[in-house]
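Residue-level structural notes
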Amino acid sequence: MSEIDANINKDMRIGDFLSALDIVSPKKLEMALRLVESHKLPIGKCLVAHGLVANDELPKLLELHGMLRKGKIDLEQAREAFALARKQGSSVRDALAHMGCDEILDKQNIRMGELLVSGELIDAGELEAALDLQKLCGLPIGKILAIDLGVPQGLIDAVAKLQYELQNNEITHDEALEKLKRMPLQFISQRIELDSQISFLDLLVMGKILDSREAKTATNFAKKNELNIDTVINSFNWLDYNLVSAVSGLALMLEFGYVTENDAVEFVKNKEHAQIRAEDRISLYQFLLACGFLTEAKVRKLTRLMLSKLSDLGTLINLDLGPDTPSDSVKEIIMDVYLRDEYLRKVLTDLYGSPKSLINCAQSMVNLINMYGTDLDKALLCLARERYKAYLPVLSK
């Protein structure tokens, strides 16, 4: 690699990298960058949300991009390694080993989580739980630790620097551990204590979405009929479904410690200002792609299911569909299902068999994002926590 190429690669942004690998066209990259600007999201997650990059391929691309910028590989090696990893379903390191790039692989492969445990900044159980969440949301482990455990971002950045120095043999493991043990003195934890006494119903009343009488009626009805309070509130058809759904998501974030009581109350009291332009909205489909709940394979399966059960699909979305429906009309209707949140929710839960609680949680996160109540990273992690509770036995297999 020439010195000029090395300097160019060092400054190459992830979007330009993906465009250079012919993974994303310049036009589609521009579209994703608009979402980055409006929602302050990582470009990688925006590309996943638009279905331009698969959720399970994003970490491989980020790893290759990091190697390119550090001068470990050139653009052609990155292209070949990604193509090989995608074809074989292997890791980047395995792909590079297959290509004979032994010098790259000789450097220590030190993971951030292992460093944090070694330095006693988190324990092994917390790391294991964070890695399980990572499988369900695809966020970097540092981001998960910052949001879920309140590990200060400055500490994450400092550990990432140590990780780089270790991998490049600039310091020894003992020197790294010594620095790690001094880090808690330099950074203040951002963890929010989980002692909130404010419930979903309290937030609705504080925001004057419900009055006290309606809240009491809902509570009594839920207890008498053994129903979830969310289900009862959502049956009040005079309420704004999107707003109630967003507040439900906010209550869950409060429960997990991802938002403070003051911020939650401030949001519901200023709800009339919490609207976002229509062109900048995140859809349920985009969100489920971004978190990996929907994959290309699942979308194909879901599409085939809708085609095979046109009559049932029509019943769900209040259209008369059947074998005689023109194919062009069927295609447009199925596209509409993916574009309209209310249609996709019904199809996923009633036709595909997805857990209703998880799909409703995903919708709550989408509505909260679209009302500026949270960012995508916290929303993805919040849904991952719910999926983690639902699929805990599966994760251990």
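Preceding block: the structure.
Here the focus is the pattern of salt bridges. In this structure the tally under the stated criterion is eleven salt bridges. As a salt-bridge pair, Asp377 and Lys143 come within 3.5 Å of each other at their nearest N and O atoms. Of the two residues, Asp377 sits in helix 25 (residues 376-390) while Lys143 sits in helix 11 (residues 141-148), which places them 234 residues apart along the sequence. For Lys143, a relative accessible area of 31% corresponds to the partly exposed category. With a shortest N-O distance of 3.7 Å, Arg182 and Glu178 are connected by a salt bridge. One end of the pair, Arg182, and the other, Glu178, are both in helix 13 (residues 173-182), four residues apart, so they sit about a helical turn from each other. Here the salt bridges do not stand alone but share partners, grouping Asp22, Glu76 and Arg79 into one network.

With that out of the way, let us pick up the packing of aromatic side chains. Applying the stated criterion to the full structure yields three aromatic pairs. Judged by centre distance (4.6 Å) and plane angle (15 degrees), the ring pair of Phe236 and Trp238 falls under stacked. Given the relative accessible area of 12%, Phe236 is considered buried. For the ring pair Phe256 and Tyr258, a centre distance of 5.8 Å and an interplane angle of 55 degrees mean the geometry is tilted. The exposure class assigned to Phe256 is buried, which follows from its relative accessible area of 6%. A cation over a ring is seen here: Lys298 above Phe293, with NZ or CZ 5.3 Å from the ring centre. The ring of Phe256 has Arg385 lying over it, and the distance from NZ or CZ to the ring centre is 4.2 Å.

Before going further, it helps to examine helix 23 (residues 341-351). Helix 23 sits mainly inside the fold: eight of its eleven residues count as buried. Listing the buried residues of helix 23 in full gives Asp341, Tyr343, Leu344, Arg345, Val347, Leu348, Thr349 and Leu351. Elements in contact with the buried residues of helix 23: helix 17 (241-256), helix 19 (284-290), helix 20 (296-308), helix 21 (310-317), helix 22 (327-339) and helix 24 (356-370).

A cluster of basic residues, Lys298, Arg300, Lys301 and Arg304, forms a positive patch at the surface. Summarising the element assignment, Lys298 is placed in helix 20.

Time to look at helix 17. With 16 residues, helix 17 ought to run about 22 Å at 1.5 Å a step, and its terminal C-alpha atoms sit 23 Å apart, in line with that. Of all 16 residues making up helix 17, 13 are buried, and the element is well covered by its neighbours. The N-cap residue of helix 17 is Asp240: its side-chain oxygen and the backbone nitrogen of Asn242 are 3.0 Å apart. Phi for Gly257, located one or two positions after helix 17, is positive at around 80 degrees.

This part is about the layout of surface pockets. The calculated volume of the second largest pocket comes to roughly 490 Å³. In terms of lining residues, the second largest pocket is bounded by 20 residues, among which Asp230, Ser248, Ser357, Asn360 and Cys361 are the most central. Listing elements by their share of the lining of the second largest pocket, those giving two or more residues are helix 16 (229-234), helix 17, helix 24 and helix 25. It is helix 17 that contributes the most residues to the lining of the second largest pocket, seven residues altogether. Looking at the lining of the second largest pocket, its residues break down into six nonpolar, nine polar and five charged.

So, how was this worked out
- Residues numbered from 1 in each chain as written.
- Predicted model: local features only at pLDDT ≥ 70, side-chain atom pairs only at ≥ 80, totals over all residues.
- Heavy atoms only, no water.
- Salt bridge = Lys/Arg side-chain N within 4 Å of Asp/Glu carboxyl O.
- Helix = DSSP H or I, 4+ residues; strand = E, 2+ residues; numbered from the N terminus.
- Buried < 20%, exposed > 50% of the residue type's maximum accessible area, 1.4 Å probe, protein only.
- Phe/Tyr/Trp six-rings, centres within 6.5 Å; stacked < 30°, edge-to-face > 60°.
- Lys NZ or Arg CZ within 6 Å of the ring centre and 35° of its normal.
- Contact = heavy atoms within 4.5 Å.
- Patch = residues over 30% accessible without salt bridge, like charges linked within 9 Å, V, L, I, M, F, W, Y side chains within 5 Å.
- Areas by Shrake-Rupley, 256 points an atom, 1.4 Å probe, with all protein chains shown as cover.
- Lys, Arg positive; Asp, Glu negative; His and termini not counted.
- Charge placed at Lys NZ, Arg CZ, Asp CG, Glu CD.
- Expected span 1.5 Å × (residues − 1).
- Polar contact = N/O pair within 3.5 Å; in protein donor to acceptor, adjacent residues only side chain to side chain.
- 1 Å grid on protein atoms, 1.4 Å probe; cavity = no way out; pocket = protein on both sides within 12 Å on 5 of 7 lines; lining within 4 Å.
- Points joined across faces, edges and corners; volume = space filled by probe spheres on them.
- Nonpolar A, V, L, I, M, F, W, Y, C, P; charged D, E, K, R; others polar.

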